[in-house]
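The residues making up each chain are set out below.
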Amino acid sequence: MNFALGFKPLLGETNAMDSLEKQLICPICLEMFTKPVVILPCQHNLCRKCANDVFQASNPLWQSRGSTSVSTGGRFRCPSCRHEVVLDRHGVYGLQRNLLVENIIDLYKQESARPIHPKSEQQQLMCEEHGEEKINIYCLTCETPTCSMCKVFGAHKDCEVAPLQNVYKRQKTELSDGIAMLVAGNDRIQALISQLEEICRTIEENGRRQKQHLCDKFDTLIAILEERKKDLVQCIGREQDQKLGHVRSLIRRHGDHLEGAVKLVEAAIHSMEEPQMAVFLQSSKEVFEKITDTAKASNIERTEHGYESMDHFIINTDDVADMLRTIDFQPGCQGEEGEEGSTPEDGAEDLAAQPSTEGESARH
């Protein structure tokens, strides 16, 4: 079906655009929204700059974005409904942008920039096949607008038709319902996106907390191992000092005996050099007695065989090492609330805290 365009006066177009424009006006600056934000939880819209101005006026001590100091958030009241809005440390920049309103503003500006015909004219479709005939009916069979002559004498004489205005109202209503359904769907998607973003933040926070909890647990194990190592090293050191003290006391005793024996040898040699027999006999008896006593006392205490060995300080960490390698998360447990009963970590801590029974028995 071919048809031409004519023009008739526009009906209600300007009023509709004016009504839409009123819905896109910021209540603060009374201009069309620029980068609008949603003020939770009341859902009213403000320009981001206007929202920031209101927020800064209500929180004069709040540090602006980009400051090196840490902000603590703040609050202010929505200028439309006076509902109190509480913000986090990001301030106004932590609010969600209303992408739906931004898209509507873009479409409005595009439509406003399009050239329109004077109000005195309106598009009117004319039938090209029948000259002066207006397009005033709708062919339901072919699903196309047509004129009365086409229905009576033309290509649509055997088709089912309906008044163009009736079909126009019905389809416009259906399209309007579809738009409303789509807008409602967009709102639900926007809400879902906000919910998912909040879930992401929660996941990040939970992950950070659990990582810290895990690090604390391992730090505790490391502290236990360090403490146990310190105790065992001190145990070895005590026996080492004890043995060294005993051996050094023997060295001193043998040294004292050796020094006395050397002096006695010197005295004996000096006595043998005496040329007078009577004098020699008088002194030699005493010297000989000292030599005999010194020879008897030379068999003093010695250390037993293997006294210097420290091999009895044996510790086997293979079982503990294997247990440490099996440390894992408990199934069905979340965080600290799921820590019930003994865990691999607890077992490792107990084993690390136990002394080496083999080393203890060997020392005694």
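Note that this is a predicted model, so its numbers are computed, not measured.

(A) Highlighting the side chain of H312. Locating H312 in the fold gives a position in the loop between α6 (277-297) and α7 (318-325). Among the polar contacts made by the side chain of H312, one reaches the side chain of E239 at a distance of 2.7 Å.

(B) Expanded view of the confidence of the model for the chain. For the chain, the average pLDDT comes to 77, and 77% of its residues sit at 70 or higher. Taking the mean pLDDT of every element in the chain, the minimum, 40, falls on helix α9 (residues 357-363) and the maximum, 91, on α7. Every residue in residues 65-71 scores below 50 in pLDDT, and together they form 5 contacts with partners more than four places removed in sequence or on other chains. In this model, residues 347-364 is a region of pLDDT below 50 whose contacts with residues beyond four sequence positions or in other chains number 30 contacts.

(C) Local environment of the nonpolar core. Counting residues in each nonpolar core, the largest one holds 18 residues, and the members touching the most others are L24, C26, F33, L87, V92 and I105. Breaking this core down by element, the ones donating at least two residues are β3 (44-47), α2 (48-58), β5 (84-87) and α3 (99-113).

(D) Main features of the pairing of strand β4 (residues 74-77). Only one face of β4 is covered, namely the one carrying G74 and F76; the face carrying R75 and R77 has none of its residues buried. Here β4 runs beside β5; their pairing, made up of 4 bridges, is antiparallel. Bridging from a neighbouring strand, G74 pairs with L87 of β5. Counting the residues that bridge the hairpin from β4 to β5 gives 6 residues, and of these R82 lies at a positive phi of roughly 65 degrees.

(E) Main features of the sheet that holds strand β7 (residues 137-139). Read from one edge to the other, the open sheet built from 3 strands follows the order β8-β7-β9, with strand pairing classed as antiparallel. Sheet topology places β8 (144-146) and β9 (161-163) at the edges, where each strand pairs with a single neighbour. Going across the sheet, the axis of each strand differs from the next one's by a mean of 35 degrees, ignoring polarity. As defined by bridge partners, β7 adjoins β9 across 3 bridges and the pair is classed as antiparallel. By the bridge assignment for β9, Y138 is matched with A162. Along the sheet, helix α5 (residues 164-272) makes contact with β7, β8 and β9, crossing β9 at roughly 80 degrees.

Procedures and definitions
- Residues numbered from 1 in each chain as written.
- Predicted model: local features only at pLDDT ≥ 70, side-chain atom pairs only at ≥ 80, totals over all residues.
- Heavy atoms only, no water.
- Helix = DSSP H or I, 4+ residues; strand = E, 2+ residues; numbered from the N terminus.
- Polar contact = N/O pair within 3.5 Å; in protein donor to acceptor, adjacent residues only side chain to side chain.
- pLDDT = per-residue confidence, 0-100.
- Contact = heavy atoms within 4.5 Å.
- Core = buried A, V, L, I, M, F, W, Y, C linked by side-chain atoms within 4.5 Å.
- Buried < 20%, exposed > 50% of the residue type's maximum accessible area, 1.4 Å probe, protein only.
- Pairing = 2+ DSSP bridges.
- Axes fitted to C-alpha atoms, helices over the stretch in contact; angles between N-to-C directions.

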